[in-house]
Structures are given as C-alpha cells and as structure tokens.
Amino acid sequence: NSSNNNNNNNNNHTERKVVVGCAHVGNRKALSEKLTLCYELHDFLGLPKKRGVKVETPSLTCHGYSWRLQVYPGGLSASNDYAYLSIFLERVIISNNNMEGAPSDTCEPNTQFSISMGAKKRDLQHRFSTASRCKGWPDFVKRSELLDPNRGYLVDGTLLIEVDIQVYLEKKPVWFPRETRKEVMEQIMEASEWTDVTFVVGEEHFQAHRCILAVRAPTLCELVHEDGDDDDVDMNNPTSEVVLSNMKPTIFRALLRFIYVCEFPDKGMVRSDGQALLEAADRFGCKKLKLHVESEIVDSVLQKDNAAEWILFAESHSCALLKEAVIRLFASHPKAIMEAPGWDAITASGSGLLAELMLSLCCNTKRTLGTGEEVEIKDLDVTTLRQRLEEKGLDVDGTREMLVQRLSET
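Sequence order sets the numbering: in each chain, residues are counted from 1 along the sequence as written. Restriction of local features to residues with pLDDT of at least 70 applies here, the model being predicted, together with a cutoff of 80 or more for giving and counting side-chain atom pairs; totals for whole chains, interfaces and linings are based on all residues. Here the side-chain values reflect all heavy atoms present in the structure, with hydrogen atoms and water set aside.

1. Side note on the environment of Glu315
Line of reasoning, step 1. Here a helix means four or more residues in a row that DSSP labels H or I, a strand means two or more in a row labelled E, and each is numbered from the N terminus. Looking at where Glu315 falls in the secondary structure, it is placed in helix α9 (residues 307–316).
Line of reasoning, step 2. Each residue is assigned to one of three classes by its accessible area relative to the maximum for its type, calculated with a 1.4 Å probe on protein chains only: buried under 20%, partly exposed between the two thresholds, exposed over 50%. Residue classification places Glu315 among the partly exposed residues on the basis of a relative accessible area of 30%.
Line of reasoning, step 3. For the pair Glu315 and Thr399, spaced 84 residues apart in sequence, the C-alpha to C-alpha distance is 8.1 Å.
Line of reasoning, step 4. The contact definition used throughout considers only heavy atoms, calling two residues in contact when any of these lie within 4.5 Å. Non-local contacts of Glu315, meaning those with residues more than four positions away in its chain, are made with Lys323, Ser351 and Leu353.

As structure tokens, this is what we get:
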C-alpha cells in the first residue's frame, strides 16, 4: 500500500520541462506582413435566409492575389445547424491576360488568415490552389447570436467582416524602416519654423506653407497673395497674416488636415458640420474634399425631413450629386418633403427648383448608370458622368449641366 501511495503522489506532481537548446533543420519560412480586407454586407436582414443560398462579395486585392467572400446568411447545406452563418474565403483566379502583373493560375499561395465579425474571430492555415480555392467555416457563428442587438455584430443593419491575410514567403524579406507620406506631411505641417503665412480663424492662429497651398488649395493661396505683398515677407520671421471670417476653427483645422495629409473628416463631423465643410471646401478650391463630403451627406445625412433644405444648399454650391439625390427622394416622398422645413424657401426662390421637382413627379427622371455607348450622355447619372470625366482627365466638379456639356465636348 505504501508503494502504491508513493506512485500516486509522484503522478500527481507535474513534471517540469527544462529546454536547454533548440536546433533547426532547413529554412524556416517567413510570413509576410499582415494585411486586412474589409467587406460590408449592408441590409443583412434583407439577404437570403434559405439554407444553401450563397452571397458573393466583390473581390479585393491583397498580397498580389484577388480575394472574395462566399457568405451563406442562412447556413450551408452541410452546416451542423440551420441557425449558423457559413463563410468562406475564396482566392479568385485572374489570368495574366486580364491583369498586368497578376499571378498566374499555377500560383498556390500558402496563407495564414483569419476572419473576424465583431468579437468573433477564427484562424486557419491553407494553401489556395486551383483545386482548393475556398476555405472557411460552415458554422462560423450562430445566426441568433449574430442578430442579437446586444452582441453588436450589426451596425445600422450592416455586417462588417474583416479578413487578415499573411502569405508564407520562400525567403525572409529584407527589413527596412518605412515612412508613409502621411507621416512626412504631418511633420511638415507641424514644423512651424518654415511656414510663411498665418491664418487667423476666430481666436486661433494656423500656420501654413504657400507652396503646399498653391497645389492643394489654390483659391486659399490666392487669398494670401491678395492680402499681402510677397516682397514684404521676411522668410525668417513670417508675419503675413490672413484673417478668415465666417469660419469655425474646427472646420479650418479639418481643411488643413485634408490639404496636408489627404485626411477626410469622419462621419460624425460630416453629420454635425457637413454644410460648413462643404462651404469651406467649395470656397477654397478643395474639390476632392467637397465631393467626398457631398457623397457622405447623400449616404448618411440626407433624409425626407431635411431634403428641402439640402437642395437649396446644393443649388447654390453646385453640388450635382446632392441635388440629384434630393430630386429622387422627392419623387418617392413628395408629401413628406413638402411638409418639411425649407419647402417655403423653395417655392419663394424662383430658381426653377420647384419646376424640376414637380417634373420628377410626372416624368421618369431616374438617370441611367449606363455602361454602354448606346446610352446618351444627357441620360447618365451624376456618378457615371463624374467617373467618365475622371477617366478623361477632366474636371469632375460643377452642376449636372456643366458635367454633361464637358463630357459632350470630348
């Protein structure tokens, strides 16, 4: 009995492992840097719920390969339970004939990847070959958990899916310090000793560089030259000041962030100060900022109860996309918009807006996304007009009539 007790006591003790060395045979494969792809499934509740019905996302490029997601909102046929969402990462085969420099079909990237939804994250290692282009999980997350508002998977009805991908490399890449353009421009923006103009906005002073303004905000740069004489500027002690009226410091700070580091204001700022941001961008010739803010307003700010006010603003600042969006909204909800604030101003404006809005009720004014040459330019929607103008290297800002004329002359 004593012997058995001693054996039991010995077995209960955890043996301590002491590693005194580690040897490697062959070359250990290195992993590339981790890159992330984001896929957004809008109106997730409206996607097919039937088991086995697939939803494919558009493809995105990462590590030189094209990837898309195959999502089964109601579960795959082989899922353990009908109530699971199934998801798979697919490597999309693109031949060299379709994309210059694209990997050929014979490439078989060996990857380490993960898929995340909210707090849910799962990892896999897989070699994507022609015969095995998809890998994922038939039971990634329970549908009941996904739809639970307390879990936070869906935000405004949208499911955000993030895919982190690393590729195993044949040899370890050479390391060198990387510096982004944004980091460099932030350093320049904060280097006050080389600035040559100061903007006074309210109680705050903002220093800037004329050479950068000349490229990124030409109208703002012209104000500098109008306000002072270049011959009087001491570069070692710049005293040239330009006072900007009717401008909030927060708006001008956002404007400078765009000018220097190409940073767009976040959605929260667009919701609260969208009109002021549009006015500033339009006033100082920051066309890309103007078009970005305009698109954000159309996407997340424009509603029936503010549409009348927004179309008046769009008309006075040549916001073609915003104006088009209001007209479409009016065609669907005329009574609600006519009862909203701003409608009386439309009827009193005498600008022709009222006639355009009434025309949308009796005629089909919906523009075409047109992909073929058979579609007349005058019938294209604003987004397509801007895309075609950009392809030709032409100005994409202005009223709809300006865009149509510009494209027609090419």
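Further notes follow.
2. Describing the nonpolar core
Line of reasoning, step 1. Grouped together as the largest cluster of nonpolar side chains are 56 residues, with contacts concentrated most on Phe199, Leu213, Leu220, Phe252, Ile259, Tyr260 and Trp310.
Line of reasoning, step 2. The greatest single-element share of this core, amounting to nine residues, is contributed by helix α6 (residues 249–261).
Line of reasoning, step 3. Excluding residues within four positions of it along the chain, Leu213 makes contact with Val197, Phe199, Ala208, Pro218, Leu220, Cys221, Val224 and Ile259.
Line of reasoning, step 4. As used here, the term nonpolar core means buried Ala, Val, Leu, Ile, Met, Phe, Trp, Tyr and Cys residues forming a set that is joined through side-chain atoms within 4.5 Å. Of all hydrophobic cores here, the second largest spans 27 residues; its members include Leu37, Leu47, Trp67 and Val71.

3. Some remarks on the packing of aromatic side chains
Line of reasoning, step 1. Centre distance within 6.5 Å is the pairing criterion for rings of Phe, Tyr and Trp, where only the six-membered ring of Trp is used; planes under 30 degrees apart are then read as stacked, over 60 as edge-to-face, and the remainder as tilted. Taken as a whole and judged by the stated rule, the model has eleven aromatic pairs.
Line of reasoning, step 2. Look at Trp137 and Phe140: their rings are 5.6 Å apart centre to centre, the planes differ by 65°, and that puts the pair in the edge-to-face class.
Line of reasoning, step 3. By relative accessible area, which is 7% here, Trp137 ends up buried.
Line of reasoning, step 4. For Phe140, a relative accessible area of 1% corresponds to the buried category.
Line of reasoning, step 5. Judged by centre distance (5.2 Å) and plane angle (65°), the rings of Phe206 and Phe252 are edge-to-face. Residue Phe206 is located in strand β13 (residues 204–208), and its partner Phe252 is located in helix α6; the two are separated by 46 residues in the primary sequence.
Line of reasoning, step 6. Through a chain of ring-to-ring contacts, the aromatic side chains of Tyr65, Trp67, Phe113, Phe128, Trp137 and Phe140 assemble into a single cluster.
Line of reasoning, step 7. Positioned over the ring face of Phe258 is Arg216, at 4.6 Å from the centre of the ring. Here, over-ring charges are defined by two tests on the NZ atom of lysine or the CZ atom of arginine: distance to the ring centre within 6 Å, and angle to the ring normal within 35 degrees.

4. Quick look at the pairing of strand β14 (residues 241–244)
Line of reasoning, step 1. Residue alternation in β14 divides its side chains into a buried set, Val242 and Leu244, and an unburied set, Glu241 and Val243.
Line of reasoning, step 2. Two strands are counted as paired when DSSP detects at least two bridges linking them. Relative to β14, strand β12 (residues 197–201) runs parallel, the two being bridged by four bridges. Residue Phe199 lies in a different strand from β14, and its bridge partner there is Val242.

5. Quick notes on α9
Line of reasoning, step 1. Buried within α9 we find Ala307, Ala308, Trp310, Ile311, Phe313 and Ala314.
Line of reasoning, step 2. Directly beyond the C-terminal end of α9, a positive phi value near 55° is found at Ser318.

6. Some details on the environment of Ser77
Line of reasoning, step 1. Residue placement: Ser77 occurs in the loop between β5 (65–72) and β6 (84–92).
Line of reasoning, step 2. Remark: the alpha-carbon pair of Ser77 and Pro138, spanning 61 residues in sequence, is separated by 8.5 Å.
Line of reasoning, step 3. Aside from chain neighbours lying at most four places away, what touches Ser77 is Arg51 and Gly52.

7. Describing the pattern of salt bridges
Line of reasoning, step 1. Basic side-chain nitrogens of Lys or Arg form a salt bridge, by our definition, when they fall within 4 Å of a carboxyl oxygen of Asp or Glu. Under the counting rule described, the total for this entry stands at 23 salt bridges.
Line of reasoning, step 2. The closest approach of N and O atoms between Arg257 and Glu186, which form a salt bridge, is 2.8 Å. Of this pair, Arg257 sits in helix α6 while Glu186 sits in helix α3 (residues 181–190), and the two are 71 residues apart along the sequence.
Line of reasoning, step 3. Residue classification places Glu186 among the partly exposed residues on the basis of a relative accessible area of 22%.
Line of reasoning, step 4. Here the residues in one salt-bridge network are Lys54, Glu56, Arg68 and Glu90, joined through shared partners.

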